[in-house]
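Residues per chain, in single letters:
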Amino acid sequence: MGFITEQEAEQALGDTWTSQTESDKARLLSQSEAYLLARNVKPYDDPDDVPEALKLASYEIIKGIINKQLYQGQVQELKAKTVKGGSVEVSKTYQDGSVEVNATEQYILDLIKPYSKRSSVIYLKRM
């Protein structure tokens, strides 16, 4: 299972990929797959079936990890949000130490959005 093969990564990323050690390449492929799966992207058994947008997202994820833009251990987490109706007031407070989503991650999220599993709501009937 995986979204891209090592050969595809080498072809798409060139020197960025070939300059990595074998263990780093395996880690990067694993992190790329984990990133997509964590965002509810449907896994594919055969990399040939993976849509081009997801392959492109995988390459961007790998570049983001190498450039230290992804998997840096911090996420922008909302601490409090205030909304008022009269004379419109909106306020957001974020957790200390959290960071905003960077441009690379925004691009990746937009690429994978159509392929993410839809969250479903289950209605339970009370008896």
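Everything numeric in this text was worked out from a predicted model, so none of it was measured.

K.L.:
With reference to specific residues and values, describe the packing of helix α1 (residues 6–13) against helix α4 (residues 52–66).
P.N.:
Direction vectors running N to C along α1 and α4 enclose 70°, while the axes themselves pass 11 Å from each other. With respect to their mutual orientation, α1 and α4 come out roughly perpendicular. Along the contact surface, α1 presents Glu8, Ala9, Ala12 and Leu13, while α4 presents Lys55, Tyr59, Ile62 and Lys63.

K.L.:
Describe the environment of glutamate 8, naming the residues involved and giving the relevant values.
P.N.:
Among the structural elements, glutamate 8 can be located in helix α1. Taking the C-alpha atoms as reference, glutamate 8 lies 9.1 Å from tyrosine 59; in sequence the two are 51 residues apart. Apart from residues no more than four positions distant in its own chain, glutamate 8 is found in contact with Phe3, Pro47, Lys55 and Tyr59.

K.L.:
Give a description of the pattern of salt bridges that names residues and reports values.
P.N.:
For the structure on display, the rule yields 4 salt bridges. Linking glutamate 8 and lysine 55 is a salt bridge whose minimum nitrogen-to-oxygen distance equals 2.7 Å. With glutamate 8 in helix α1 and lysine 55 in helix α4, this pair connects stretches of sequence that are 47 residues apart. The same class applies to glutamate 8 as to lysine 55, namely buried. Between lysine 25 and glutamate 22 there is a salt bridge, with its nearest N and O atoms 3.4 Å apart. Of the two residues, lysine 25 and glutamate 22 are both situated in helix α3 (residues 22–38); the distance of 3 residues between them amounts to about one turn of the helix. A residue is classified by how much of its surface remains accessible, and glutamate 22, at 53% relative accessible area, is exposed.

Each value, and the rule that gives it
Residues numbered from 1 in each chain as written. Predicted model: local features only at pLDDT ≥ 70, side-chain atom pairs only at ≥ 80, totals over all residues. Heavy atoms only, no water. Axes fitted to C-alpha atoms, helices over the stretch in contact; angles between N-to-C directions. Helix = DSSP H or I, 4+ residues; strand = E, 2+ residues; numbered from the N terminus. Parallel < 35°, antiparallel > 145°, perpendicular 65-115°, else oblique. Contact = heavy atoms within 4.5 Å. Salt bridge = Lys/Arg side-chain N within 4 Å of Asp/Glu carboxyl O. Buried < 20%, exposed > 50% of the residue type's maximum accessible area, 1.4 Å probe, protein only.

Any functional reading would require information beyond the geometric quantities listed.
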